[in-house]
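Tertiary structure, described
Spelled out from the first residue to the last, the chains are:
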Amino acid sequence: MKFREYAASKAAALCMSALAAIVWGIFAYLTGAAPVLLWLSEGFFVAAVVLRYVVGYALAKKKLDKLQKCMDGLSDKYLLGEMLEKPFDATEYEYYSVMSAVSRSAIGAVKNAEREKEEYMQFVEQWIHEIKTPLTACSLICDNGADAVKIKRELKRADNLTDSALYYARLRKPETDTVIAQCDVSCLIAEAIKSQRELLVAAKISVETNGDFSVFTDGKSVVFVIKQLLINCAKYCAGCRVTITAADGTITVADNGIGIAAHELPRITARGFTGEAGRKAGSTGMGLYIASEICKRIGISFSVISELGKGTTFELKFDRTNDLTKM
């Protein structure tokens, strides 16, 4: 900062000082003050004003140079707000308080972005390792006679993994892909079951459905959530029976499989949580996390009841429903 720029920023105060000097001179002259005293007082006043702004400029420049040097030494410039010295001037202190709040907000945003980036990279790495399994299985099947049924089953597993990666990526951006429309829940359930037919047959899982209602929601997202629950049944509950019920604005997916331990139940929708069964199956622990986050986004209450050795029941409760049976 140059002195000219500093003086320009103090133009109003300098004008007031000049006006005060003129008023004082007129007052002293009209009261009959001696010319020597008049000019000495005027000279002293001007010298005091000049000295004040020269010293003020020197202090301000020293402070700004120190601040610039501090900023140049920071690799992360957003941390500068944490390095500011507390001023004594009341106005400057208000600016300092605002800048400190902005700095803390920026630090929080950066940390969140770094954490999300790290989590996403971890998911991608896990996804790459997991998708190798069905691809390797397809290769082995082709080398041993190319059984079409088995190939379709492994391709479906790869397709499910791809869907999971796609929906996980969508969780990180605004809801641009969400399309709300009136849907018949029975059609969404049928679509989800049909899409997982190969895995359900291979796992010898029987599925029974009953009930229906109409709801305004994003049908594709609901299908994905139901698919994820069926995928988990195929993965952990081979040979079990699944009953899907739609009634009173709630979709219930119940199985008579292995169940979930009580101490694991509160954490099953946590990001990356696998549990004992998941660790044995080599799960990434992302399926129910993505499903629960999708439910939050489109206004569905996602809950689960389970007892070890007796089965698990998931409930998807919609906030707003329009049951066609009551129309």
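Residues numbered from 1 in each chain as written. Predicted model: local features only at pLDDT ≥ 70, side-chain atom pairs only at ≥ 80, totals over all residues. Heavy atoms only, no water.

**Quick notes on the nonpolar core**
In this structure, Ile226, Ile244, Ile251, Ile290 and Phe302 are the most contacted members of the largest nonpolar core, which totals 49 residues. Among the elements that make up this core, the one with the highest residue count is helix H8 (residues 219-236) (9 residues). Leave out the neighbours within four places in its chain, and Ile244 touches Ile189, Ile193, Val207, Glu208, Thr209, Asn210, Ile226, Leu230, Ile251, Thr252 and Val253. (Core = buried A, V, L, I, M, F, W, Y, C linked by side-chain atoms within 4.5 Å. Buried < 20%, exposed > 50% of the residue type's maximum accessible area, 1.4 Å probe, protein only. Helix = DSSP H or I, 4+ residues; strand = E, 2+ residues; numbered from the N terminus. Contact = heavy atoms within 4.5 Å.)

**Focus on the side chain of Asn232**
Within the secondary structure, Asn232 sits in helix H8. The exposure class assigned to Asn232 is buried, which follows from its relative accessible area of 15%. Look past the residues within four positions of Asn232 in its chain and what remains in contact with it is Cys237 and Leu288.

**Comments concerning the packing of aromatic side chains**
In the structure shown here, the tally under the stated rule is 6 aromatic pairs. Counting every residue linked through ring pairs, the aromatic cluster contains Tyr120, Phe123, Tyr168 and Tyr289. (Phe/Tyr/Trp six-rings, centres within 6.5 Å; stacked < 30°, edge-to-face > 60°.)

**As for the packing of helix H4 (residues 90-143) against helix H5 (residues 148-171)**
Following both chains from N to C, one finds H4 and H5 inclined at 170 degrees, their axes separated by 9 Å at the closest point. One finds that H4 runs roughly antiparallel with respect to H5. By crossing handedness, the relation of H4 to H5 is classed as left-handed. Seen from H4, the contacting residues are Glu119, Tyr120, Phe123, Trp127, Glu130, Ile131, Pro134, Ala137, Cys138, Ile141 and Cys142; seen from H5, they are Lys150, Ile151, Glu154, Leu155, Arg157, Ala158, Leu161, Thr162, Ser164, Ala165, Tyr168 and Ala169. Residues that form the contact of H4 with H5 fall into these classes: 16 nonpolar, 2 polar and 5 charged. (Axes fitted to C-alpha atoms, helices over the stretch in contact; angles between N-to-C directions. Parallel < 35°, antiparallel > 145°, perpendicular 65-115°, else oblique. Left-handed = near helix turned anticlockwise from the far one by under 90°. Nonpolar A, V, L, I, M, F, W, Y, C, P; charged D, E, K, R; others polar.)

**Quick word on the sheet that holds strand E4 (residues 241-247)**
Pairing is mixed in the open sheet, where 5 strands are placed in the order E2-E4-E5-E7-E6. Each of the sheet's edge strands pairs with one partner strand only, and the pair in question is strand E2 (206-211) and strand E6 (300-307). Taking each pair of neighbouring strands and ignoring which way they run, the sheet shows an average axis angle of 10 degrees. Here 6 bridges tie E2 to E4, and the two strands are oriented parallel to one another. Bridge assignment links Gly211 to a residue of E4, and that residue is Ala246. Lying over the sheet, helix H10 (residues 287-297) contacts E6 and strand E7 (311-318), oriented at roughly 140 degrees with respect to E6. (Pairing = 2+ DSSP bridges.)

**Some points on the pattern of salt bridges**
Enumeration according to the criterion identifies 7 salt bridges in this entry. One salt bridge connects Glu154 with Arg153, and the closest N-O pair in it is separated by 3.6 Å. Measuring nitrogen to oxygen at the nearest pair gives 3.2 Å for the salt bridge that ties Glu293 to Lys296. Taken as a pair, Glu293 and Lys296 lie in helix H10 at a separation of 3 residues, close to a single helical turn. (Salt bridge = Lys/Arg side-chain N within 4 Å of Asp/Glu carboxyl O.)

**Some words on H8**
Given 3.6 residues per helical turn, the α-helix brings residues three or four places apart onto the same face. Given a rise of 1.5 Å per residue, 18 residues ought to cover 26 Å, and the 26 Å separating the end C-alpha atoms of H8 matches this to within 8%. Among the 18 residues in H8, 15 count as buried, and that is most of the element. (Expected span 1.5 Å × (residues − 1).)

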